[in-house]
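Breakdown of the fold
So the chains spell out like this:
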Amino acid sequence: MANKIVLNETSYHGAGAIKEITTEAKNRGFKKAFVCSDPDLIKFNVTSKVTDLLKAENMDFEIYSEIQPNPTIENVQSGVAAFKKAAADYIIAIGGGSSMDTAKAIGIIITNPEFEDVRSLEGLSATKKPCVPIFAVPTTAGTAAEVTINYVITDVEKKRKFVCVDPHDIPVVAFVDPEMMSSMPKGLTASTGMDALTHAIEGYTTLGANTITDMFNLKAIELIAKSLRGAVENTKEGREGMALGQYLTGMGFSNCGLGIVHSMAHSLGAVYDTPHGVANAILLPTVMEYNAEATGEKLKDVAIAMGVEGVEKMSKEEYRKAAVDAVKKLSQDVGIPADLKAIVKPEDLDFLTQSAMDDACRPGNPKEPTFEDIKNLYLKLM
């Protein structure tokens, strides 16, 4: 069976990467940018690091800031209208997953207007045309949306998130600049970093994993394990390691899929607006334990990448436990809650479980879950 790999056309990495934005825009003949960025990034002068570059080169742009965490169908539709009014010819998405996901959905609908209802984009999208060209500038080290073919939209009416998978939405250029991430507060750094670790571990153990994606995901686990604590303390080395680690796993999981950590986290985000990274971090160790018997020797590799010593002398049960314990320790060290007690209401369990079962990430899980399996995983953390 052939494995399909979809990556950015171009990407820039390292301090000062954003300085290449104007060069790329000029070389591609773009005239006006539609800048998608959330209100906080604008308020704290993060977005201006990019728009100042555009101003210095007398390049036209318009800012769209109606971005919210867990972007909704309505957000996307208002963004489509704003893009049309702006008469822009490319998008610069600045921010975390919310800005990126909103930008991707807007860009797809502009070139594929038959999907303007947004809901019809769920799952493996049947779009025919590439989206409006997107320049992606991540400000969090977590989602890797700048290099993935995925985006997630919230259906407020139905209280669910849905995943859209579409090679046509991948940004044409990514500018992965750790200096754009230096203003992230500790809590956001921790949660987005654990989101990246979840991508890497789920991507490494998913049913769709292959040699190429394993290479990306395993190295990402190693980088994240070494770098996240430092990133939370805002060290230069920590920021640089996380910027690269989250991008590597983006190249991996985008091409092999994820599992039920993400399915269950999407449900929590839709019902309670739980930050995605926090939900993933809480769920990850428990789901790793559940999946362990279906992962062969892969958790041995995970334990080694997490920095566990003496793994080669451990039994299968010991190295599987060591991998889970290392994830728990990292999560604890960066301040993530240990359980869902403050989040989940018992009366919502059946709805949460069914939403997780229906989620597009669920089929990639290495162990086929039943409704009761997922419900019991939620219960274990309550």
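Since the model is a prediction, treat every value here as computed from it, not as a measurement. (Residues numbered from 1 in each chain as written. Predicted model: local features only at pLDDT ≥ 70, side-chain atom pairs only at ≥ 80, totals over all residues. Heavy atoms only, no water.)

1. Structural notes on the pairing of strand β7 (residues 150-155)
Rules: Buried residues are those whose accessible area, probed at 1.4 Å on protein chains only, stays under 20% of the maximum for their type, while exposed residues exceed 50% and partly exposed ones sit between those limits. Helix and strand assignments follow DSSP, with helices taken as H or I runs no shorter than four residues and strands as E runs no shorter than two, numbered in order from the N terminus. Think of it this way: DSSP has to see at least two bridges between two strands before they count as a pair.
For β7, the tally of buried residues reaches six of six residues, placing the bulk of the element in the interior. On β7, burial covers both faces: Asn150, Val152 and Thr154 on one face and Tyr151, Ile153 and Asp155 on the other are all buried. Turn length for the β7-strand β8 (residues 160-165) hairpin, with the two strands adjacent in sequence and antiparallel, is four residues, and the turn residue lysine 159 shows positive phi of about 55°.

2. Looking at the side chain of threonine 72
What counts here: Residues count as neighbours in contact if any of their non-hydrogen atoms are within 4.5 Å of one another.
Relative to the assigned elements, threonine 72 resides in the loop between β3 (60-64) and α4 (73-86). Look at threonine 72 and you get buried, because its relative accessible area is 7%. Residue contacts for threonine 72: discarding those within four places in its chain leaves Ile153, Thr154 and Val156.

3. Section: the sheet that holds strand β6 (residues 134-138)
Using the following cut-off: Lines fitted to the C-alpha atoms define the axes, with helices restricted to the stretch that makes contact. Angles between their N-to-C directions range from 0 to 180 degrees.
Taken together, the six strands give an open sheet; going across it, the order is β1-β9-β6-β4-β2-β3, and neighbouring strands pair in parallel fashion. Each of the sheet's edge strands pairs with one partner strand only, and the pair in question is β1 (10-13) and β3. Looking at each pair of strands side by side, their axes are set apart by 15° on average, direction ignored. Of the pairings in the sheet, the one linking strand β2 (residues 32-37) to strand β4 (residues 90-95) comprises five bridges and is parallel in character. Counted as the bridge partner of serine 37 is isoleucine 94 from β4.

4. Describing the side chain of serine 331
You can see serine 331 is positioned in helix α12 (residues 316-333). Residues contacting serine 331, with those up to four places away along its chain left out, are Met194, Ala281 and Ile336.

5. A closer look at the pattern of salt bridges
As a reminder, the rule being used: Salt bridge criterion: a side-chain nitrogen from Lys or Arg within 4 Å of a carboxyl oxygen from Asp or Glu.
For the structure shown, the criterion picks out 22 salt bridges. When the shortest N-O distance is used, the salt bridge between glutamate 312 and lysine 300 registers 3.2 Å. In this pair, glutamate 312 sits in the loop between α11 (298-305) and α12 while lysine 300 sits in helix α11, placing the two residues 12 residues apart along the sequence. Residues joined by salt bridges that share partners form a network here, namely Glu9, Glu24 and Arg28.

6. Quick look at the pairing of β4
Where burial is concerned, most of β4 is hidden: six out of the six residues are buried. Of the two faces of β4, the one holding Tyr90, Ile92 and Ile94 and the one holding Ile91, Ala93 and Gly95 are both buried throughout. In this sheet, β6 lies alongside β4 in parallel orientation, the contact comprising five bridges. The partner of glycine 95 across the bridge, within β6, is proline 138.

7. Considering the packing of aromatic side chains
Threshold: Classification of ring pairs uses Phe, Tyr and Trp, with its six-membered ring standing for Trp, and accepts pairs whose centres are within 6.5 Å; under 30 degrees between planes counts as stacked, over 60 as edge-to-face, and the remaining range as tilted.
Throughout the structure, instances matching the rule amount to seven aromatic pairs. Aromatic pair phenylalanine 30 and phenylalanine 135: ring centres 5.8 Å apart, planes at 55°, arrangement tilted. Of this pair, phenylalanine 30 sits in the loop between α1 (21-27) and β2 while phenylalanine 135 sits in strand β6; the two residues are 105 residues apart in sequence, bridging distant segments of the chain. Look at phenylalanine 34 and phenylalanine 83: their rings are 5.2 Å apart centre to centre, the planes differ by 75°, and that puts the pair in the edge-to-face class. With phenylalanine 34 in strand β2 and phenylalanine 83 in helix α4, this pair connects stretches of sequence that are 49 residues apart. Using a relative accessible area of 1% as the deciding quantity, one classes phenylalanine 34 as buried.

8. Some details on the packing of α11 against α12
The criterion, for reference: Here roughly perpendicular refers to angles of 65 to 115 degrees, roughly parallel to angles under 35, roughly antiparallel to angles over 145, and oblique to all remaining angles. For any helix crossing, the convention is left-handed if the near helix is rotated counterclockwise from the far helix by under a right angle, and right-handed if that rotation is clockwise. Under the grouping applied here, Gly and all other residues not named as nonpolar or charged are polar, the nonpolar ones being Ala, Val, Leu, Ile, Met, Phe, Trp, Tyr, Cys and Pro and the charged ones Asp, Glu, Lys and Arg.
α12 packs onto α11 with a crossing angle of 45° between their chain directions and a minimal axis gap of 8 Å. In terms of orientation, α11 and α12 fall into the oblique class. In the crossing of α11 with α12, the sense of the turn from one axis to the other is left-handed. Residues Leu299, Lys300, Val302 and Ala303 of α11 lie in contact with α12, whose contacting residues are Tyr319, Arg320 and Ala323. Across the contact of α11 with α12, the residue classes tally to five nonpolar, no polar and two charged.

9. Topic: the sheet that holds strand β5 (residues 123-124)
Paired through backbone hydrogen bonds, the strands of a sheet run either parallel or antiparallel to each other. Sheet architecture is open: three strands sit in the order β5-β8-β7, paired in mixed fashion. The sheet is open, and its two edges are formed by β5 and β7, each paired on a single side. When β5 meets β8, the two strands line up parallel, connected through two bridges. In the sheet register, glycine 123 faces β8, and the bridge partner there is cysteine 164. Each of β7 and β8 is contacted by helix α9 (residues 260-272), which is oriented at about 130° to β8, the strand it contacts most.

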